[in-house]
Amino acid sequence: MAFVNLKRREVQVKIVYYGPGRGGKTTNLEYIYGKFNDRIQTEMVTVKTHGDRTLFFDFLPIDIGKINGYTAKMQLYTVPGQVKYNATRRLVLRGVDGIVFVADSMAVRREKNILSLKNLHENLKNYKKSIFSIPLVFQYNKVDLAEQGIPILPFATMEKDLNSQLKRPAFEASAVTGTNIVPTLKKIITMTMSSIKDELK
Amino acid sequence: MSYTLGQQQLDSIDEILQTDLIDIGVHCVFLIDMSGNIIASLDDGENKHDIYSLAALAAGNFGAVSAMAKIVGEGEFSLLFHKGKKENIHFSKVLTEFLLITLFGNDLSLGFLRLKVAESVEKIKKILEPIHTP
């Protein structure tokens, strides 16, 4: 639920990185944190387990400058990907304005991507939101692993599995090397801002 | 979905927070929505915190505690308060969508703070009611 502050002429928007466990959601945020260090005044917040898995969420606020005369503050969140943490995942989704679905391109994770997308659909319904109308971008992560001989699903297969009905923008990416991480972010920002632009007139 | 607050509404909220809470010795107070967005924030000029991170964590924390309450058969836990050595945090729900968070030191008693928070919550409710989404 984006909040428009007319006094400060500021808009706050919530973008959530969703997807199966160990898919690279936190790595996406870490890359963005490193890349846009000068625009981020605070430390990245992470609530994780001893095993370095996300327990609750990661949080990164980022200033993207002015849009229609409003200072735009993007609040980036990740959810915990592990199946058992659905209750906390649902909490993070509250008031979401835009979603990046980070899918794992490794062939062995195929089923997990599909289950996670179904889970997103269910959790959005819980807040009376539809996966068909919310701004959403797909990111097929870990394509760099192909060079190491690890079986990767081709773009067309990922699209067929996840995006055949939704038909949203999709990027092949590598969160570790930074490939297509910023384009993914830019795309979701553009889509989300355009969905609330009527409020900014 | 999004919502907007105008200059007049935000000024009124700031004034309530200033006179009811900052003026009695509260270190820092902020009003957020359950998504973690900051609607208003004030401090006493001495205690600066990273309120964006605090807001995100507070919204998550409050959500988690509410979910716990439901599991044990409570509608909600009405008092949510964290005690530290020097700094304490008090959370109070405003309508269903908003949260008032107060940071204060040990020189202020919890009872007095709760009284003043309850007063300001009642006033803020009147301002937020029109944009309140159930």
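Residues numbered from 1 in each chain as written. Chains lettered and ligands numbered in written order. Predicted model: local features only at pLDDT ≥ 70, side-chain atom pairs only at ≥ 80, totals over all residues.

With that settled, the discussion passes to the overall build of chain B. Looking only at helices and strands, chain B has 3 helices and 6 strands in total. For chain B, the succession of helices and strands along the chain, N to C, is β-α-β-β-α-β-β-β-α. By the compact-globule yardstick of 14 Å for 134 residues, chain B fits well, its C-alpha radius of gyration being 14 Å. Principal axes of the C-alpha set define a box for chain B whose edges measure 40 × 35 × 25 Å. Looking at chain B as a whole, 34% of its 134 residues are labelled buried. The contacts of chain B with a sequence gap of at least 6 include a subset with a gap of at least 24, amounting to 56%. (Helix = DSSP H or I, 4+ residues; strand = E, 2+ residues; numbered from the N terminus. Rg over C-alpha atoms; globule rule 2.2 N^0.38 Å. Buried ≥ 20, exposed ≤ 12 C-beta atoms within 10 Å, placed from the backbone. Contact = placed C-beta atoms within 7 Å.)

Before going further, it helps to spend a moment on the pairing of strand β6 (residues 98–104) of chain B. Residues and elements named next belong to chain B. Counting buried residues along β6, 7 of its 7 residues qualify, which places the element largely inside the surrounding structure. What you see with β6 is no split at all: F98, L100, T102 and F104 on one side and L99, I101 and L103 on the other are buried throughout. Where strand β2 (residues 28–33) lies against β6, 6 bridges are found, and the strand directions are antiparallel. Directly across from D33, in β6, lies its bridge partner F98. As paired elements, strand β5 (residues 88–94) and β6 share 7 bridges and run antiparallel to each other. For F91, the partnering residue across the bridge sits in β6 and is I101. Between β5 and β6, which pair antiparallel one after the other, the connecting turn spans 3 residues, and L95 there sits at a positive phi close to 55 degrees. (Pairing = 2+ DSSP bridges.)

Next up on the list: helix α3 (residues 110–128) of chain B. Note on helix geometry: an α-helix contains 3.6 residues per turn, so any two residues three or four positions apart are oriented the same way. All names here are of chain B. Between its first and last C-alpha atoms α3 spans 26 Å; for 19 residues at 1.5 Å apiece the expected length is 27 Å, and the two agree. When α3 is considered as a whole, its buried residues turn out to be L113, K116, V117, S120 and I124. Mapping the buried residues of α3 onto a view down its axis gives an arc of 105 degrees, with all of them on the same face. The exposed residues of α3 that point more than 90 degrees off its buried face are G111, L115, A118, E122 and K126. Taken together, the buried residues of α3 touch α1 (7–20), β2, β5 and β6. (Expected span 1.5 Å × (residues − 1). Arc of directions from axis to C-beta.)

Turning our attention to the sheet that holds strand β4 (residues 80–82) of chain B. Residues and elements named next belong to chain B. Here we have 5 strands laid out as an open sheet, ordered β3-β2-β6-β5-β4, and antiparallel in their pairing. Edge positions in the sheet fall to β3 (38–43) and β4, since each has one partner strand and no second. The mean inter-strand angle of the sheet, taken between neighbouring strand axes irrespective of direction, is 15 degrees. Along the sheet, helix α2 (residues 51–71) contacts β2, β3, β4, β5 and β6; its crossing angle with β2, the most-contacted strand, is approximately 60 degrees. (Axes fitted to C-alpha atoms, helices over the stretch in contact; angles between N-to-C directions.)

All names here are of chain A. Where helix α2 (residues 86–93) contacts helix α3 (residues 110–126), the two axes come as close as 10 Å, and the packing angle between them is 60 degrees. One finds that α2 runs oblique with respect to α3. α2 and α3 meet at a crossing whose hand is right-handed. Contact residues: α2 offers N86, R89, R90 and L93, while α3 offers N119, N123, L124 and N126. A breakdown of the residues in the contact of α2 with α3 according to their chemical character gives 2 nonpolar, 4 polar and 2 charged. (Parallel < 35°, antiparallel > 145°, perpendicular 65-115°, else oblique. Left-handed = near helix turned anticlockwise from the far one by under 90°. Nonpolar A, V, L, I, M, F, W, Y, C, P; charged D, E, K, R; others polar.)

So, on to the pairing of β2 of chain B. Put simply, side chains in a regular strand alternate between the two faces of the sheet. Residues and elements named next belong to chain B. Counting buried residues along β2, 6 of its 6 residues qualify, which places the element largely inside the surrounding structure. Here β2 shows no split at all, with C28, F30 and I32 on one side and V29, L31 and D33 on the other all buried. Pairing of β2 with β3 involves 5 bridges; the strand directions are antiparallel. The residue bridging V29 from the neighbouring strand is L42, located in β3. From the end of β2 to the start of β3, which pair antiparallel, there are 4 residues, and G36 there has a positive phi angle of about 100 degrees.

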